[in-house]
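# Residue-level structure breakdown
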2 protein chains.
Amino acid sequence: MATGRTHRPATRSRGIPEATVARLPLYLRALTALSERSVPTVSSEELAAAAGVNSAKLRKDFSYLGSYGTRGVGYDVEYLVYQISRELGLTQDWPVVIVGIGNLGAALANYGGFASRGFRVAALIDADPALTGRTVAGIAVQHTDELEKIIDDNGVSIGVIATPAGAAQQVCERLVAAGVTSILNFAPTVLSVPDGVDVRKVDLSIELQILAFHEQRKASEENPGAGIDGSLPAAEEPPVVAKRAARNQTPAAGAERSASPDQGPDGDVPAVMPA
Amino acid sequence: MATGRTHRPATRSRGIPEATVARLPLYLRALTALSERSVPTVSSEELAAAAGVNSAKLRKDFSYLGSYGTRGVGYDVEYLVYQISRELGLTQDWPVVIVGIGNLGAALANYGGFASRGFRVAALIDADPALTGRTVAGIAVQHTDELEKIIDDNGVSIGVIATPAGAAQQVCERLVAAGVTSILNFAPTVLSVPDGVDVRKVDLSIELQILAFHEQRKASEENPGAGIDGSLPAAEEPPVVAKRAARNQTPAAGAERSASPDQGPDGDVPAVMPA
DNA sequence: ATGTCTTTGTGAACGCGTGCACAAAGATGG
DNA sequence: CCATCTTTGTGCACGCGTTCACAAAGACAT
C-alpha cells in the first residue's frame, strides 16, 4: 500500500475515518462497473464482494456518508456513484501537473484513468531541455523554469512527483511555494512539507520488500531450519559472534550474486524510476 | 499506501506486526544512505527523523527484531542494515517477472531500485506478438505462451502484473497455477487468489482520489459554504434532481485525448497503465 | 570505582478500525 | 392490513497500533 500521509491527527476529516476514505475509491470503481452494466441496485453483500471487502465494513463505511440504502433492497447504484463522487470531490475538475517525465512520468501521462475521474493533466514538466517541447500523451513537455507560472495559471493544487530521488525535495518545495497543497510522490524519498500540505507516497521498492518478507516466511514455514541461520528464535541472543560475522559480510548482500554491475558505488540509487 | 493484502489474520508473522514490516524498508533505505556516508552509528531520534517516523515507534519496531542497540550510543548502522535485510529476506535472490510491458511495465523494467535490493528481473512477458523479441531495459520480451515455462525454469515466486485491468485476473491465475505465491498488482482490479498467495496492490487512481478528498475538505474549510452544494450537511437529502444532473457531467473523459486506441468500448477503461 | 549523562527497550494507556450479531425498516405477498 | 422475509444500519467488544513516559543499561569522565 502506498503508504505515507504526513502529520495530521488522523480522523478529523469531518467525521469520515481515514480508513473509510481510502476505500471509497474502491467502492466507486465497483459501482461504476455496475452502472455500465445498467444494474439498478446492489446489496451490500454483492458490492462488498466486488470491491473485495467485508460487507459489514462496507455498510459501516456508507453509514458515515449518510443513510443511502433501502432496507430489504440495497443501494441505488447511480445515486451511490453520485454521492461517493461528491464526497471525494470528483464532481469538480482537478488540474494536475506531473513533474519528471522519465519512464514513469510518461506512463502516468498516458494513464487513461486520470481523465476518467475528474483529473486533468494540466502540464508535464521536466528539467531536461532535451525533452522540452516534445509531446507525451499529446501534451507538450515544459521546462522546470515555467513551473511556478504553470501552477499559477492553471490553479493547480495537486502535483505528482516522478523525478529521481535527488530532485524530489527541491521540486516539492517549489510546488508548495507555488501553491500546491497535495502531492503524490513516486520518488523514493521522505519529503518534508509544511503543515497543511498532504503527501501520499507510492513506492514500488517497498511493496516488493514486503512481499519478499512474507515469501521468506512462507518458505521457512514449510521447510523449517532451512533459513540462512536459525532465524526463527529471533528472540534469542544472536551473540556477539553473529554480530561480528555480520559486520563484514554484510554490506549490500547483493555483492556476491553480482549479476550485473548495476550501479557503481551508490547503493540507494534513486535511478530513473522510483515507484 | 499501496494497500491491499489478501486474507490472513494479520499479525501472525511470527511476532513481527504487519505495520512494522511495512516500515522496515523505510528504515533500510535511511540506513543505507547513512552507510554510504560512512556514518558508524545513529540514535533512534536521528534515524526516525530520516525515515519520517516517530522515534518511539522506531524503537518499538526494532525491539521486535531483537535488542540491536546500545544504550547511551545508538544503533550500529552496518549491523542494523544487515539485520533488517535478513529479516526482509533481502539477502537472497528474488527472481521476478513482469507481465504486461506497456508504458508502466517498461518503466518498472527500467527501475534501478529493483536490482539494488536482491530483486532481479528474470523476464518480461507480454501478450502482444509485436513486442515479443524486442528488448526493454536490456531484457528480451517473451510471449505469454512461455509464462509457465519461464516461471518454472527460473523458480520465480514473485510476479508483477502491469496489464490492463481486463487481463489481470487471468494472468494472475496463470501465475499462481505456475507457482507464483506473491503478486504485486498494478491493474485497477480486485484480484481473487487462493489462500497462501499474497497480493499487494498499487493504484494510482485511488491515491489521487484520496488526495482530492482532502483537498476538497481543505477548500471548504477556509471557504465554508462554497462547496458545489451544501456539502457539509451530507446527512441531508440531495434530492433526485442532483442525481440526474450528475449523470451526464460525469463519465469518462479520457475519450478525447485518444492517443492510442487502447481498448474500444469498455468504460472503466483499464487503459495501458493502471496504477 | 563511582557518578553522571545519554539513549535504549518496554509497560501501560489510549484510540482507531474491524467484525459480529441483531434490532429496526421497509418491501413484498396474501 | 397483516405476516413474512430481506437487507440495512449500528451498538458493542475485541485487537492492533501508536504514543507516552520511565526504568534499566551502558558509555564516559573523573
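Predicted model only: the values in this text are computed from it and were never measured. (Residues numbered from 1 in each chain as written. Chains lettered and ligands numbered in written order. Predicted model: local features only at pLDDT ≥ 70, side-chain atom pairs only at ≥ 80, totals over all residues. Heavy atoms only, no water.)

### Considerations on the side chain of B:Ser44
All names here are of chain B. With respect to the helices and strands, serine 44 occurs in helix α2 (residues 44-51). Within polar-contact distance, the side chain of serine 44 engages the side chain of arginine 59 at 3.0 Å. When near neighbours in sequence (up to four residues on either side) are disregarded, serine 44 contacts Ser55, Leu58, Arg59 and Tyr75. (Helix = DSSP H or I, 4+ residues; strand = E, 2+ residues; numbered from the N terminus. Polar contact = N/O pair within 3.5 Å; in protein donor to acceptor, adjacent residues only side chain to side chain. Contact = heavy atoms within 4.5 Å.)

### Digging into the sheet that holds strand β5 (residues 119-126) of chain A
All names here are of chain A. Spatially, β6-β7-β5-β4-β8-β9-β10 is the arrangement adopted by the seven strands of the open sheet, whose pairing is mixed. Both edges of this open sheet fall to β6 (135-136) and β10 (198-201), since each of them pairs with a single strand only. Taken together, the three bridges between β5 and strand β7 (residues 139-143) define a ladder with parallel strand orientation. What sits directly across from aspartate 126, in β7, is histidine 143. Across the sheet, helix α7 (residues 165-178) is in contact with β4 (94-99), β8 (158-161) and β9 (182-185); its angle to β8 comes to roughly 170 degrees. (Pairing = 2+ DSSP bridges. Axes fitted to C-alpha atoms, helices over the stretch in contact; angles between N-to-C directions.)

### A few points about the UniProt feature "DNA-binding region" (unreviewed entry) in chain A
The UniProt record annotates "DNA-binding region" (unreviewed entry) at residues 26-65 of chain A. As annotated, residues 26-65 of chain A comprises 75% helix and 5% strand, and the C-alpha atoms at either end are separated by 15 Å. (UniProt positions renumbered as here; feature names shortened; annotations may be inferred.)

### Some words on the pattern of salt bridges
Considering all chains together, one arrives at 16 salt bridges over all chains under this definition. Between A:Asp153 and A:Lys149 there is a salt bridge, with its nearest N and O atoms 2.7 Å apart. Of this pair, A:Asp153 and A:Lys149 both sit in helix α6 (residues 147-154), four residues apart, which is roughly one turn of the helix. Note that B:Lys218 and A:Asp198 form a salt bridge whose closest N and O atoms lie 3.6 Å from each other. (Salt bridge = Lys/Arg side-chain N within 4 Å of Asp/Glu carboxyl O.)

### A look at the protein's contact with DNA strand D
The immediate surroundings of DNA strand D are formed by 25 residues, with A:Ser44, A:Arg59, A:Tyr75, B:Arg23 and B:Arg71 found nearest. Atoms of DNA strand D within 4 Å of the protein belong to the sugar or the phosphate in 63% of instances, the rest to bases. B:Lys60 has a polar side-chain atom sitting 3.2 Å from a base oxygen of DNA strand D. Of all the secondary-structure elements, those providing two or more residues to the surface near DNA strand D are α3 (55-65), β2 (69-70) and β3 (74-76) of chain A together with α1 (18-36) and α3 (55-65) of chain B. (Near = heavy atom within 4 Å.)

### A closer look at the protein's contact with DNA strand C
Not every one of the 25 residues close to DNA strand C is listed here, only the nearest: A:Lys57, A:Lys60, A:Arg71, B:Ser44 and B:Tyr75. The sugar-phosphate backbone supplies 64% of the atoms of DNA strand C found within 4 Å of the protein. A distance of 3.5 Å separates a phosphate oxygen of DNA strand C from a polar backbone atom of B:Tyr68. In the environment of DNA strand C, a phosphate oxygen lies 2.6 Å from a nitrogen or oxygen atom belonging to the side chain of B:Tyr75. Listing elements by their share of the surface near DNA strand C, those giving two or more residues are α1 (18-36) and α3 of chain A together with α3, β2 (69-70) and β3 (74-76) of chain B.

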